[in-house]
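# Working through the structure, step by step
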Amino acid sequence: MSPAGRHLVLFSGGTGGARLARLLGRVAGPGDRLTVVANVGDDFEHLGMYISPDLDAVIYHLADVESRDLGWGLADETFRTLTELGELGGPTWFHIGDRDMATHLYRTWRMRAGAPLSTVARELAAARGVGEHVRVMTASDDPVRTVVETDAGAMPFQEYLVERQARDLVKGFQYAGASSAEPAPGVLAAIADADLLVFGPSNPYVSLQPILAVPGIRAAIARSGAPSIALSPIVGGQAIKGPLAAMLEALGQPVTGLHAVLALDVGIRGLVVDPADRDLVPDISAQGITPHVAPIIFSRPEAGETARSLWRRDWSA
Ligand code: FO1
């Protein structure tokens, strides 16, 4: 730990990762630095725009501008453009609000001018007022797209999750483009410099594996001196948000945070589970992973103490 403070690297996807990013940013001490590596596996082109949901979720939560009720996009949203588009016969299955549309237009405009996604991520974070002590990175500037293999065939992630409402039986995942992708600038250096690597309470299959699938990232994690810890994306047998429980079941896995984290196969040193899952402690220890029981429901004030412990505790024990 550098005397000036700690450097945490958070691998984040989905709403859970974005909420943890915000909490960590809020309780950071002087000199602490947070690097968030956002998943790009959800990204897709839609209506001619480059959409990057997990990147936007991180930036919106860090800037406290996210929609409180939708689970994506911006607060105080309207959908006049989408409604108008529907009347013209355009696709409205992916509900993009009028304010959120500006983010996609800005990103598409900048990427068409040649700016890499990671540069646009920095610009969007700065424009939204995200603090200097938090850097928002993308896992890669190259396309890495989660493809969900289901009993109805293989399909892009957003088609599986949103267009078809996650109703298909999941059989597996592909991360299209991963083999020829490179880590975005600064990602490997951040992992090497980190005092602690944190895997957010995110879906391992569609939010964290697409990050780990980028060549070089797993190796950087393995050789980093920093311990890796994860926060369980499952509390009390339920996913906090999204289709993770159904995915674990479809893949024949018990619906527990331990099995979600084991799916990462990334040498996790510690796993933080909510007090509701205290009975998992022996199973976690049996896997050679150090169990930690702490509140991880971010809507509850006690979770602030958990976030503080991520900054302060010696996790290498
Ligand atoms: N998720 C939905 O379930 N329905 C939507 O209509 C929807 C629109 C949407 C628009 C912009 C955006 O950034 C995210 C959006 N999401 C929507 C969430 C998106 O599918 C995310 O990839 C998942 O929530 C996983 O992080």
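Check the entry above for the structure.
Since the structure is predicted, the reported quantities are computational estimates derived from the model, not experimental observations.

### Examining the pattern of salt bridges
- Applying the stated criterion across every chain yields a total of 11 salt bridges.
- Through salt bridges with shared partners, a single ionic network connects Arg-22, Arg-26, Asp-64, Glu-66 and Arg-68.

### Focus: the sheet that holds strand E5 (residues 134–138)
- Strand order in this open sheet of 7 strands is E5-E2-E1-E9-E10-E13-E14, and the pairing throughout is parallel. Only two strands of the sheet have a single neighbouring strand rather than two, namely E5 and strand E14 (290–293). Sheet twist, expressed as the mean angle between neighbouring strand axes with direction ignored, is 20°.
- Note that strand E1 (residues 7–12) and strand E2 (residues 33–38) share 6 bridges and pair parallel.

### Some details on the site of the ligand
- The immediate surroundings of the ligand are formed by 14 residues, with Asp-42, Asp-54, Phe-94, His-95 and Gln-158 found nearest.
- Side-chain polar atom of Asp-42 to an oxygen atom of the ligand: 2.7 Å apart, as the coordinates give it.
- Within the backbone of His-95, a nitrogen or oxygen atom sits 2.9 Å from an oxygen atom of the ligand.
- Looking at which element gives the most residues to the shell around the ligand, the answer is helix H6 (residues 157–163), with 4 residues.
- Looking at the shell around the ligand residue by residue, the classes come out as 7 nonpolar, 3 polar and 4 charged.

### Structural notes on helix H8 (residues 204–212)
- Most of H8 sits inside the fold, with 9 of its 9 residues counted as buried.
- Every buried residue of H8 is accounted for by Pro-204, Tyr-205, Val-206, Ser-207, Leu-208, Gln-209, Pro-210, Ile-211 and Leu-212.
- Residue Asn-203 occupies the N-cap position of H8, its side-chain oxygen lying 2.8 Å from the main-chain nitrogen of Tyr-205.

### A look at the nonpolar core
- Grouped together as the largest cluster of nonpolar side chains are 94 residues, with contacts concentrated most on Phe-11, Leu-24, Phe-199, Ile-221 and Leu-231.
- Membership of the second largest hydrophobic core comes to 7 residues, among which are Phe-44, Met-49, Met-101 and Val-162.

What counts, and where the lines are drawn
- Residues numbered from 1 in each chain as written.
- Predicted model: local features only at pLDDT ≥ 70, side-chain atom pairs only at ≥ 80, totals over all residues.
- Heavy atoms only, no water.
- Salt bridge = Lys/Arg side-chain N within 4 Å of Asp/Glu carboxyl O.
- Pairing = 2+ DSSP bridges.
- Helix = DSSP H or I, 4+ residues; strand = E, 2+ residues; numbered from the N terminus.
- Axes fitted to C-alpha atoms, helices over the stretch in contact; angles between N-to-C directions.
- Near = heavy atom within 4 Å.
- Polar contact = N/O pair within 3.5 Å; in protein donor to acceptor, adjacent residues only side chain to side chain.
- Nonpolar A, V, L, I, M, F, W, Y, C, P; charged D, E, K, R; others polar.
- Buried < 20%, exposed > 50% of the residue type's maximum accessible area, 1.4 Å probe, protein only.
- Core = buried A, V, L, I, M, F, W, Y, C linked by side-chain atoms within 4.5 Å.

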